[in-house]
Amino acid sequence: MEEMSPDNIHGLILAVSSSIFIGSSFIIKKKGLKKAGVSGPRAGEGGYGYLCEPWWWAGMITMIVGEIANFAAYAFAPAILVTPLGALSIIFSSVLAHFILQEKLHMFGILGCVLCVVGSTTIVLHAPHEQDIESVKQVWYLATEPGFLAYSAVVIVVVLALIFYYEPRYGKTHMIVYVGICSLMGSLTVMSVKAVAIAIKLTFSGMNQFKFFHAWIFIIVVTICCLLQINYLNKALDNFNTAVISPVYYVMFTTFTILASMIMFKDWASQSGLQIATELCGFVIILSGTFLLHKTKDMGNSANTRGATSQSPRETPVFINSGSTRSSNSSL
């Protein structure tokens, strides 16, 4: 195992800080969405009353702080190190949901949290060093290679299909639609964010990168992708259980981001087979933890409502959000 570079350590600290803020923001925003839904149309039904709700704005500010820390982390460390650490935000959001939103966390959910920590630690200890990039034009060259252009084209086609065909028909009952849009666009966001973060880092070191049009194109891509993600993440939070959204979104977002990073930055090119296998094992451990968090979330809720809702159908939160589920979530 190689010693961690100073840049990777800086990226690690920023990524962990980011997870704390982002995990908390899910809970704060959901409180705002629930309050707004009482007095007007819910976000999942096209309402925007949450924009007048202080709790939602507090959650947005918390998320922005977390995203800024995450943004800075990408300037120092490779995506394969920074992105999987998002699992820590699942822990914070699940624990806070347990105490604040009464979305109960089962005992096996705690085991899921532990697995997320173990998997994250494994990846951190074996993450590749960040490659030296001396100009934003170098990142532009990587982004315009045939492999990444093909990946971007596939992502855009799938997202358009989800937005214009599947979302109107299945969005309110199948969480995978909203999360799929956010995750696919998120992979492009991360690649562009990394480019902008590198440009800012180089500019502060005395090499102005914003005199090149490439940096501004990356900024435009980040803005468009972020707006789309915020819109559809709000809809997902309003229609589905927070402790289910967080792990499923994490799994899909991280998978697509690592894939995009492998294609664009070729993170694993300098690593041995053993190092790559260890990182993959760490990722699988994290996936196992998020799976436990997802499955046992319903076990925790059913244990507390067994007597009162013995006739209610069981929730299948990843794909279907039944009418009884919405009523149950709205009453929290």
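Here is what the cut-offs are and how they apply
- Along each chain, numbering runs from 1 in the same order as the chain's sequence is written.
- Totals for whole chains, interfaces and linings use every residue, but because this is a predicted model, local features are given only for residues with pLDDT of at least 70 and side-chain atom pairs only at 80 or more, for both listing and counting.
- Based on all heavy atoms of the structure, the side-chain values leave hydrogens and waters out of the count.
- Helix numbering and strand numbering both begin at the N terminus, where a helix is a DSSP run of H or I of at least 4 residues and a strand a DSSP run of E of at least 2.
- Partly exposed describes any residue whose relative accessible area lies between the buried limit of under 20% and the exposed limit of over 50%, with all areas from a 1.4 Å probe on protein chains only and scaled to the type maximum.
- Contact between two residues is taken to exist if any of their heavy atoms lie within 4.5 Å; hydrogens are not considered.
- Polar contacts, as counted here, are pairs of nitrogen or oxygen atoms within 3.5 Å of one another; within protein the pair requires one atom able to donate a hydrogen and one able to accept it, and residues that are adjacent in sequence qualify only if both atoms are side-chain atoms.
- Lines are fitted to the C-alpha atoms to define the axes, a helix being fitted only along its stretch in contact, and any angle between axes, read from their N-to-C directions, falls within 0 to 180 degrees.
- An angle below 35 degrees is treated as roughly parallel, one above 145 as roughly antiparallel, one from 65 to 115 as roughly perpendicular, and anything else as oblique.
- Crossing handedness is defined as follows: a turn of the near helix away from the far one that is anticlockwise and smaller than a right angle gives a left-handed crossing, while the clockwise case is right-handed.
- Gly falls in the polar group here, along with every residue not listed as nonpolar (Ala, Val, Leu, Ile, Met, Phe, Trp, Tyr, Cys, Pro) or charged (Asp, Glu, Lys, Arg).
- We define a salt bridge as a contact between a side-chain nitrogen of Lys or Arg and a carboxyl oxygen of Asp or Glu at a distance within 4 Å.
- Residues belong to a common nonpolar core when they are buried Ala, Val, Leu, Ile, Met, Phe, Trp, Tyr or Cys residues joined through side-chain atoms within 4.5 Å.
- The criterion for an aromatic pair is that two Phe, Tyr or Trp rings (for Trp, the six-membered ring) have centres within 6.5 Å, with stacked assigned to planes under 30 degrees apart, edge-to-face to planes over 60 apart and tilted to the rest.

Q: So what exactly am I meant to see when it comes to the overall build of the chain here?
A: The secondary structure content of the chain amounts to twelve helices and zero strands. Counting helices and strands in the order they occur from the N terminus, the chain gives α-α-α-α-α-α-α-α-α-α-α-α. By residue count, 51% of the 332 residues in the chain fall in the buried class. Across the chain, every contact between residues at least 6 apart in sequence was considered, and the portion connecting residues at least 24 apart equals 84%.

Q: Explanation requested: the side chain of Ser-187 in the structure shown.
A: Following the sequence through the fold, Ser-187 ends up in helix 8 (residues 175-204). Under the relative-accessibility criterion, Ser-187 is labelled buried at 0%. In terms of polar contacts, Ser-187 uses its side chain to reach the side chain of Tyr-151, at 2.8 Å. In this view, Ser-187 contacts Tyr-151, Phe-253, Phe-256, Thr-257 and Ala-260; residues no more than four positions away in its chain are not counted.

Q: Before we go on, may I ask you to explain the packing of helix 4 (residues 87-100) against helix 5 (residues 107-126) in this structure?
A: How two helices pack is summed up by the angle between their axes together with the distance between the axes. Closest axis-to-axis distance for the helix 4/helix 5 pair is 9 Å, and the angle between their directions is 160°. Here helix 4 is positioned roughly antiparallel relative to helix 5, judged by the angle of their axes. Classified by chirality, the crossing of helix 5 by helix 4 is left-handed. Residue-level inspection shows Ala-87, Leu-88 and Ile-91 of helix 4 in contact with helix 5, the latter providing Cys-113, Cys-116, Val-117 and Ser-120. Partitioned by chemical class, the residues of the contact of helix 4 with helix 5 number six nonpolar, one polar and no charged.

Q: Sorry, what's going on with the pattern of salt bridges here?
A: When charged atoms on two side chains of opposite charge get close, those side chains can pair. Going through the model one piece at a time under the given rule, you end up with three salt bridges. We note a salt bridge from Lys-266 to Glu-145, for which the minimum N-O separation is 2.7 Å. Residue Lys-266 is located in the loop between helix 10 (242-264) and helix 11 (273-305), and its partner Glu-145 is located in the loop between helix 6 (136-143) and helix 7 (146-170); the two are separated by 121 residues in the primary sequence. Note that Glu-167 is salt-bridged to Lys-235, the shortest N-O span being 3.6 Å. Remark: Lys-235 occurs in helix 9 (residues 213-239) and Glu-167 occurs in helix 7; sequence separation between them is 68 residues.

Q: Please explain the nonpolar core as it appears in this structure.
A: Generally speaking, a soluble globular protein has its nonpolar side chains buried in company with each other. Ranked by size, the top nonpolar core spans 65 residues in total, and within it Val-139, Phe-148, Met-191 and Met-264 carry the most contacts. Listing elements by their share of this core, those giving two or more residues are helix 1 (6-39), helix 2 (54-76), helix 3 (79-82), helix 6, helix 7, helix 8, helix 9 and helix 10. With 17 residues, helix 8 is the single largest residue contributor to this core. Setting aside residues no more than four positions away along its own chain, Phe-148 makes contact with Leu-142, Ala-143, Leu-188, Met-191, Ala-260, Ile-263 and Met-264.

Q: How should the packing of aromatic side chains be read in this particular structure?
A: Given two aromatic rings, their pairing is described by the distance between the two centres and the angle made by the two planes. This model, assessed by the stated rule, comprises nine aromatic pairs. Note on Tyr-178 and Tyr-232: the rings are 6.3 Å apart at their centroids and 35° apart in plane angle, and the pair reads as tilted. With Tyr-178 in helix 8 and Tyr-232 in helix 9, the pair connects residues that are 54 residues apart, well separated along the chain. Residue class for Tyr-178 comes out buried when judged on its relative accessible area of 0%. Three or more aromatic residues joined by ring pairs make a cluster, and in this case those are Trp-140, Phe-213 and Phe-218.

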